[in-house]
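Architecture and fold: a report
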Amino acid sequence: MKTILPAIFLFFSFSPSAIAGMPLYNSYPSATAVIFLDFDGHTVNGTSWNFNGPIVCGGAGLDSSQITAIFNRVAEDYRPFNINITTDSATFLHAPLNRRMRVVVTTTSDWYGQAGGVAFVNSFTWGDDSPCFVFSALLGFDTKNIGEAAAHEAGHTLGLYHQSKYDNNCLKQSEYNYGNGGGEIGWAPIMGAGYYQNLTLWNNGPNPYGCTSYQSDLDVITSMNGFSYRSDDHQEKFNRATNINFGNNQFTISGIIERSTDKDVFKFNLPSRKRFRLNAVPYNIGTGNQGADLDLSVTLFGNSEKVILNTYNPGLLLNCFVDTLLNAGTYYIRTEGTGNINATNYASLGSYSLQGLLEPDTTLNPVHPVLEGLLLNDRHQLSWGRNTVTGVKTETLEIASDGRNFEPVSPALYQQRHLLYKPAGGSVFHYRLKVVSDDGRSTYSNIVSFSQKAGVQGPRLVSNIVSANTITVMAEGVYTYYISDLNGRIVCQGKLNSYSSITCRGINTAGIYIIRFANDKGTWDEKFIRQ
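This section reports on the structure supplied with the text. (Residues numbered from 1 in each chain as written. Predicted model: local features only at pLDDT ≥ 70, side-chain atom pairs only at ≥ 80, totals over all residues. Heavy atoms only, no water.)

Quick word on the overall build of the protein chain
For the record, the criterion: Each helix is a run of H or I in the DSSP string that is no shorter than four residues. Each strand is a run of E no shorter than two, and both are numbered from the N terminus. Relative accessibility decides the category of a residue: with a 1.4 Å probe and only protein chains considered, values under 20% of the type maximum give buried, values over 50% give exposed, and everything between is partly exposed. Only heavy atoms matter for contacts: two residues are in contact if any of them lie within 4.5 Å across the pair.
The number of helices and strands found in the protein chain is four helices and 40 strands. Buried positions account for 52% of the 531 residues belonging to the protein chain. The contacts of the protein chain with a sequence gap of at least 6 include a subset with a gap of at least 24, amounting to 70%.

Thoughts on the nonpolar core
How we decide: Nonpolar core, defined: a set of buried Ala, Val, Leu, Ile, Met, Phe, Trp, Tyr and Cys residues in which side-chain atoms within 4.5 Å join the residues together.
Grouped together as the largest cluster of nonpolar side chains are 76 residues, with contacts concentrated most on Tyr78, Trp202 and Ile333. Setting aside its immediate chain neighbours within four residues, Ile333 contacts Ile244, Phe251, Asp264, Val265, Phe266, Phe268, Phe276, Leu278, Val298, Thr299, Leu300 and Leu354. Judged by nonpolar contacts, the second largest core, of 18 residues, contains Val466, Cys492, Leu496 and Phe517.

Comments concerning the sheet that holds strand β18 (residues 274–282)
Going by this rule: Paired strands, as defined in this entry, are two strands with at least two bridges between them according to DSSP. To define axes, lines are fitted to C-alpha atoms, for helices over the stretch in contact only, and angles between the resulting N-to-C directions are given on a 0 to 180 degree scale.
Read across the open sheet, the four strands follow the order β16-β23-β18-β21; overall the sheet is antiparallel. Sheet topology places β16 (250–257) and β21 (320–326) at the edges, where each strand pairs with a single neighbour. Averaged over all neighbouring strand pairs, the angle between strand axes comes to 15°, with direction disregarded. Here β18 runs beside β21; their pairing, made up of seven bridges, is antiparallel.

Here's the deal with the packing of aromatic side chains
Here a ring pair, both rings aromatic, is described through the centre-centre distance and the interplanar angle of the planes. What counts, and what does not: Under the pairing criterion, centres of Phe, Tyr and Trp rings, with the six-membered ring standing for Trp, must be within 6.5 Å; the plane angle then separates stacked pairs below 30 degrees from edge-to-face pairs above 60, leaving the rest tilted.
Enumeration over the complete set of coordinates arrives at 25 aromatic pairs. Between Phe246 and Phe251, the aromatic rings sit 5.1 Å apart at their centres with planes inclined by 90°, giving edge-to-face as the arrangement. For Phe246, a relative accessible area of 25% translates into the label partly exposed. Through pairs of rings, three or more aromatic residues link up here, namely Trp49, Trp111, Tyr112, Phe120, Trp126, Phe133 and Phe135.

Digging into helix α3 (residues 143–157)
An α-helical segment advances 3.6 residues per turn. Residues three or four places apart therefore align on the same side. Our working rule: To estimate how far a helix should reach, multiply one less than its number of residues by 1.5 Å. By the criterion applied in these results, polar contacts are pairs of N or O atoms within 3.5 Å in which, for protein atoms, one can donate a hydrogen and the other can accept it, and in which residues neighboring in sequence qualify only through two side-chain atoms.
The end-to-end C-alpha distance of α3 is 21 Å, a good match for the 21 Å that 15 residues give at a rise of 1.5 Å each. Judged by how many residues are buried, α3 sits mostly within the fold: 14 of 15 residues are covered. Between the side-chain oxygen of the N-cap and the backbone nitrogen of Lys144 there are 3.1 Å, and the N-cap of α3 in question is Asp142. Note on α3: the residue one or two positions beyond its end, Gly159, has a positive phi of about 105°.

What about the pattern of salt bridges?
Stated formally: We define a salt bridge as a side-chain nitrogen of Lys or Arg found within 4 Å of a carboxyl oxygen belonging to Asp or Glu.
Taken as a whole, this structure holds 11 salt bridges when the rule is applied. The salt bridge partner of Arg275 is Asp323, with a shortest N-O separation of 2.6 Å. Of this pair, Arg275 sits in strand β18 while Asp323 is found in strand β21, placing the two residues 48 residues apart along the sequence. Residue classification places Arg275 among the buried positions, given a relative accessible area of 7%. Residue Asp323 is classed as partly exposed on the basis of its relative accessible area, which comes to 30%.

Notes on the sheet that holds strand β19 (residues 296–302)
Two pairing modes exist for strands in a sheet, parallel and antiparallel, and in both the strands are linked by backbone hydrogen bonds. Strands sit in the order β15-β17-β22-β19-β20 across an open sheet of five strands; the sheet is mixed. Two strands bound the open sheet, and with one partner strand each, they are β15 (242–243) and β20 (307–312). Taken together, the eight bridges between strand β17 (residues 263–270) and strand β22 (residues 329–337) define a ladder with antiparallel strand orientation. Across the sheet, Lys267 pairs through a bridge with Tyr332, a residue of β22.

Thoughts on helix α4 (residues 217–224)
When we look at burial in α4, the residues that qualify are Asp217, Leu218, Val220, Ile221 and Thr222. Those residues of α4 that are buried lie in contact with β14 (214–216). One or two positions beyond α4, positive phi appears at Gly226, with a value near 80°.

Structural notes on the environment of Asn269
Residue position: Asn269 is located in strand β17. Taking the C-alpha atoms as reference, Asn269 lies 7.6 Å from Ala328; in sequence the two are 59 residues apart. When neighbours within four sequence positions are excluded, Asn269 is seen to be in contact with Gly329 and Thr330. Of note is the side chain of Asn269, whose polar atom sits 2.6 Å from the side chain of Thr330.

Side note on the side chain of Thr87
Along the chain, the position of Thr87 falls in the loop between β5 (83–86) and α2 (89–94). Residue class for Thr87 comes out buried when judged on its relative accessible area of 4%. For Thr87, the side chain forms a polar contact with the main-chain oxygen of Pro23, separated by 2.7 Å. At 2.7 Å, the side chain of Thr87 and the backbone nitrogen of Tyr25 are in polar contact.

A closer look at the state of the cysteines
What counts, and what does not: Throughout, a disulfide means two cysteine sulfur atoms within 2.5 Å of one another.
Summed over the entire model, instances satisfying the criterion amount to two disulfides. Across a sulfur-sulfur distance of 1.4 Å, Cys170 and Cys211 are joined as a disulfide pair. What sets the handedness of the Cys170 and Cys211 disulfide is the S-S torsion sign, and at about -55° it is left-handed. Of this pair, Cys170 sits in the loop between β9 (165–166) and β10 (172–174) while Cys211 sits in the loop between β13 (204–206) and β14; the two residues are 41 residues apart in sequence, bridging distant segments of the chain. Paired through a disulfide, Cys492 and Cys504 show a sulfur-sulfur distance of 1.9 Å. Judged by the sign of its S-S torsion, about 100°, the bond between Cys492 and Cys504 is right-handed. On the criterion of sequence distance, the pair formed by Cys492 in strand β37 (residues 490–497) and Cys504 in the loop between β38 (500–503) and β39 (511–519) is long-range, its members being 12 residues apart. Residue class for Cys504 comes out buried when judged on its relative accessible area of 0%. Taken in N- to C-terminal order, the disulfide-linked cysteines of the protein chain are connected 1-2, 3-4.

Observations concerning the environment of Trp111
Following the sequence through the fold, Trp111 ends up in the loop between β6 (100–106) and β7 (117–120). According to the relative accessible area criterion, Trp111 is partly exposed, its value standing at 25%. For the pair formed by Trp111 and Ile55, sequence separation is 56 residues and the distance between their alpha carbons is 7.7 Å. Other than its neighbours up to four places away in sequence, Trp111 contacts Trp49, Ile55, Val118, Phe133 and Phe135.

Here is the structure:
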């Protein structure tokens, strides 16, 4: 039996844009297996979809920059595997029939209905060129959502079912796991609903067939489709470490974490004492590490006995920074994927780059500031010190919401190297101490990060499309709800608690309705379509 699985649908307002050119990309040209992202229209005929004749699909309605962004997102999701993500039809047609999949990204969806996309499970190896589909117009021509849907639907063709959500009593809360957290490390499974989170990963969790029916996405992908992981690009053993060569006291080197056990080790030599700065960045397509699949951790080792000098992994960021003074000698850098408060390291996989810089050490008495922090309810407590009381011109406590663009905290808020205050607005805060020596050299402390809710998460609809009189809602807490038509006439009202199915006999007529949720913390409105 062939299983068809649609993607969750999001309701958007939109205006289409035309394709201004078709950029041709290949993520891993040497791979035999291929996933083809088809954006310029395609007629589907003679496949398992054609029970009512040919399906003529229009183009995606996207320009070249949007296509590039979508390709980059999907390519990074599949980076650990020995498979080529391509936008080139010739590459697709040269691949073996049972090792290829066409993802038709199209504005044409009326033949199927309201969904973000649809796919046959396990169809990658059928060999009959049955494609899967992503409906760009129904996803609002949004590159994030189209990229998520493309990776998701291709995942179905590779044998994956949805990653679902269950409560502690083993009752299914949602067909789709929406993940948890927020900000840069807000996480959701690729095979769940990844539209609302930045860090979307493969997952090992329960599928729709029971809370104990676990699906290891990585094992399914690499065991059923004729391809596995890429070969390791950098060794873990110190005696096989990749040598780093500096040019003008700088270097850039890249790598891929292919498996959760993978560690990449690099080696460099310093002939004299230097200030060493390193920026370790996962592959991303924008600020806040958008589209990244890797939470990076870096460990710095020193001397021939491989002593650990420090491990760097800011908890609320996916990238990490090193800024330290090193004596002459041999050093090693080890990179690996790590987990965080929202996600484990199960699928913290993907590509990254290391950018290093050497600067002269101009201080006779180097300053090493240390910052410590503690979250006390909604207040931030910070204290700091340094290893010397001489040679210091100024000390400035700095704050950033993104971990990169720091600004001074008003000195009036702290004294005697201590701060206790409640910040205004925001949900993520990063602090560091900047110390300027008498000679004008700046030194920075470690970064201390805090995360706290910037507001209350309201209820949300599982889908904005309703085909009967039942509406499914995800909520935490007790709410009153009111459903009204566009004329403001209330057609249903009642109370809901947590995961709920609302039956409303007042939405028998097709059209757009508004549902309002309310409790003592606020009100939340959403629109939905009754088909």
